[in-house]
Amino acid sequence: MADTWEDLERECGQCRGCALAERRTQVVFGTGSRTAEILLIGEGPGRNEDLQGIPFVGAAGQLLDEMLEMIGLDRTKVYIANVVKCRPPGNRDPLNTEQAVCLPWLRRQTALLRPKLIVCLGRIAAKAIIKEDFRIAAEHGQWFQRGGVYLTAIYHPAALLRDLGKRPETFEDLKAIQGKIREICSKTELSVP
Ligand code: URA
């Protein structure tokens, strides 16, 4: 039988598929509109996300909110999820094995959402979702297409907090994403002219 969001969230909340489950406070399933045309994919929960059960609620999340606002979006107009749903200890990168075990949840979320546009936030998400050999410095802002869905990646907001020099090119990427939304996301109203 086809998934429903409710069943999927309940099932995911009980997942013990890898060792990350042992240390988590909460599964961070995802947030936003379940009818959004735009899916944002991060890497995995940090400390604040693990405590609150919501993606991107720490400093990087605050910057993400500002980035969305710059192009007329907010969290009610997108869906946000991560490659792994449980916090890797010490905020290390999720292991390939952890990603492999966790990715079916994201695939099922994507199948329910049927987004028109997927934006990967950072290298880990881009490698997991767009292509294994994705190079974020060289390929951020480029467009890929799969099954009628447009995919792109931008620098992770945490990288933009560490390195202000990456912000101008990210602004260009965001403007291009805004243009693509105007072109293909007919249900998404942007709150800027
Ligand atoms: N970084 C991520 O990639 N995801 C989050 O949810 C928070 C920080």
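Residues numbered from 1 in each chain as written. Predicted model: local features only at pLDDT ≥ 70, side-chain atom pairs only at ≥ 80, totals over all residues. Heavy atoms only, no water.

1. With respect to the packing of aromatic side chains
One pass over the full model with this rule turns up four aromatic pairs. For the ring pair Trp5 and Tyr79, a centre distance of 5.1 Å and an interplane angle of 45° mean the geometry is tilted. Here Trp5, found in helix α1 (residues 5-13), pairs with Tyr79, found in strand β3 (residues 79-82); they are 74 residues apart in sequence, far enough to count as distant. The class for Trp5 is buried, based on a relative accessible area of 10%. Classification of Tyr79 as buried rests on a relative accessible area of 1%. Their ring planes at 55° and their centres at 5.9 Å tell us that Phe134 and Phe144 sit as a pair that is tilted. Of the two residues, Phe134 sits in the loop between α6 (123-129) and α7 (136-139) while Phe144 sits in strand β5 (residues 144-146), which places them 10 residues apart along the sequence. When the ring centre of Trp143 is taken as reference, the NZ or CZ atom of Lys180 above it lies at 5.1 Å. (Phe/Tyr/Trp six-rings, centres within 6.5 Å; stacked < 30°, edge-to-face > 60°. Helix = DSSP H or I, 4+ residues; strand = E, 2+ residues; numbered from the N terminus. Buried < 20%, exposed > 50% of the residue type's maximum accessible area, 1.4 Å probe, protein only. Lys NZ or Arg CZ within 6 Å of the ring centre and 35° of its normal.)

2. Considering the site of the ligand
Every residue near the ligand is listed here: Gly42, Glu43, Gly44, Glu49, Pro55, Phe56, Asn82 and His156. Within the contact set of the ligand, an oxygen atom lies 3.0 Å away from a backbone nitrogen or oxygen of Phe56. Between the ligand and Asn82 there is a distance of 2.8 Å, counted from a nitrogen atom to a side-chain nitrogen or oxygen. In isolation the ligand has 230 Å² of accessible area, and contact with the protein removes 92% of it. Residues of the shell around the ligand, tallied by class, amount to two nonpolar, four polar and two charged. (Near = heavy atom within 4 Å. Polar contact = N/O pair within 3.5 Å; in protein donor to acceptor, adjacent residues only side chain to side chain. Areas by Shrake-Rupley, 256 points an atom, 1.4 Å probe, with all protein chains shown as cover. Nonpolar A, V, L, I, M, F, W, Y, C, P; charged D, E, K, R; others polar.)

3. A short note on the pairing of strand β4 (residues 117-121)
On a regular strand, one side chain projects to one face of the sheet and the next to the other, so that they alternate. Most of β4 is tucked away, with five of its five residues classed as buried. Here β4 shows a buried face lined by Leu117, Val119 and Leu121 and a second buried face lined by Ile118 and Cys120. Where strand β2 (residues 38-42) meets β4, four bridges bridge the pair, whose relative direction is parallel. Bridge pairing in β4 links Ile38 to Leu117. Relative to strand β6 (residues 149-154), β4 is paired through five bridges, and the arrangement is parallel. Pairing of Leu121 across the sheet is with Ile154, part of β6. (Pairing = 2+ DSSP bridges.)

4. A few points about the sheet that holds β4
Spatial strand order, β1-β3-β2-β4-β6-β5: six strands in an open sheet with mixed pairing. Strands at the two margins of the open sheet, each flanked by one partner only, are β1 (31-32) and β5. As paired strands, β2 and β3 are joined by four bridges and run parallel to one another. Residue pairing in the sheet places Gly42 in a bridge with Asn82 of β3.

5. Concerning α1
All of the buried residues in α1 are Trp5, Leu8 and Cys12. With its buried residues spanning 65° around the axis, α1 presents them on a single face. (Arc of directions from axis to C-beta.)

Geometry only, nothing functional implied.
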